[in-house]
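Secondary and tertiary structure notes
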Amino acid sequence: MPILTPELCHAARALVKADQALLSETSGVPLNLLRRFESGIETPPQSVLSALKSALEELGAVFLPEEGNGAGVRLKFDRVERQEIVGWEGEGGSAADDNVI
């Protein structure tokens, strides 16, 4: 599992087309802390880095291990799948956990 760096975080946000406000909301990490992290001003605790990484993965980012070439990030979905997902968003109201018994 690659360590989430400010650069990887920013790159992943760009790939999934999420601004800092969306990532903050999705991860539960305060916006000011996210800004300080991406600016290289502050390194948050591992729990915050894990929350950010999980949120980015939920939004469609896949983190690649270093494997001698440096860590990286790519999209989980191809262009067609991504467009379909964007089209589904907002249909039927807000998303929530299913409560099926």
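The rules behind these values
All residue numbers refer to positions counted from 1 along the written sequence of the respective chain. It should be noted that, the model being predicted, local features are given only for residues of pLDDT at least 70 and side-chain atom pairs only at 80 or more, the latter also being counted only at that level, while totals for whole chains, interfaces and linings use all residues. Derived side-chain values reflect all non-hydrogen atoms in the structure, with water molecules and hydrogen atoms excluded from consideration. Helix numbers and strand numbers start at the N terminus; a helix is a DSSP run of H or I with at least 4 residues, a strand a run of E with at least 2. Burial classes follow relative accessibility: with a 1.4 Å probe on protein chains only, a residue under 20% of its type's maximum area counts as buried, one over 50% as exposed, and anything between as partly exposed. Note on definitions: a residue-residue contact is assigned when non-hydrogen atoms from the two residues lie within 4.5 Å. Accessible areas in this description were obtained via Shrake-Rupley with a 1.4 Å probe; residue shielding takes into account the shown protein chains only. Any Lys or Arg side-chain nitrogen found within 4 Å of a carboxyl oxygen on Asp or Glu counts as a salt bridge. pLDDT gives the predictor's per-residue confidence on a scale running from 0 to 100. For helices, the fitted axis covers only the stretch in contact; all axes are lines through C-alpha atoms, and the angles between them, taken along N-to-C directions, range from 0 to 180 degrees. For classification purposes, an angle smaller than 35 degrees is called roughly parallel, one larger than 145 roughly antiparallel, one from 65 to 115 roughly perpendicular, and anything else oblique. We call Asp, Glu, Lys and Arg charged. Ala, Val, Leu, Ile, Met, Phe, Trp, Tyr, Cys and Pro are nonpolar, and the rest, Gly among them, are polar.

Secondary structure summary: the protein contains five helices and two strands in total. In the protein, the succession of α and β elements from N to C terminus is α-α-α-α-β-β-α. By the burial criterion, 33% of the 101 residues in the protein qualify as buried. Sequence-distant contacts, at least 24 apart, represent 53% of the contacts inside the protein between residues at least 6 apart. Entry remark: accessible area of the protein is about 6900 Å², with carbon and sulfur atoms responsible for 51%.

With that settled, the discussion passes to the pattern of salt bridges. This model, assessed by the stated rule, comprises three salt bridges. One salt bridge in this structure joins E38 and R13, with 2.8 Å as the shortest N-O distance. Remark: R13 occurs in helix α1 (residues 6–16) and E38 occurs in helix α3 (residues 31–38); sequence separation between them is 25 residues. Residue class for E38 comes out buried when judged on its relative accessible area of 14%. What makes R13 buried here is its relative accessible area of 10%. Notably, a salt bridge pairs K53 with E57, separated by 2.8 Å at the nearest N-O pair. Highlighted residues: K53 and E57, both in helix α4 (residues 46–58), separated by four residues, approximately one helical turn. Assessed through its relative accessible area of 12%, K53 is described here as buried. Taking the relative accessible area as the measure of exposure, E57 reaches 30% and is therefore partly exposed.

On average, residues of the protein score 83 in pLDDT, and 73% of them are at 70 or above. Taken element by element, the protein is modelled with least confidence in helix α5 (residues 79–88), mean pLDDT 64, and with most confidence in α3, mean pLDDT 97.

Between α1 and α3, the shortest axis-to-axis distance is 8 Å and the interhelical angle comes to 115°. Overall, the two elements α1 and α3 adopt an arrangement that is roughly perpendicular. Contact residues: α1 offers P6, C9, H10 and R13, while α3 offers L34, F37 and E38. Residues of the contact of α1 with α3, tallied by class, amount to four nonpolar, one polar and two charged.

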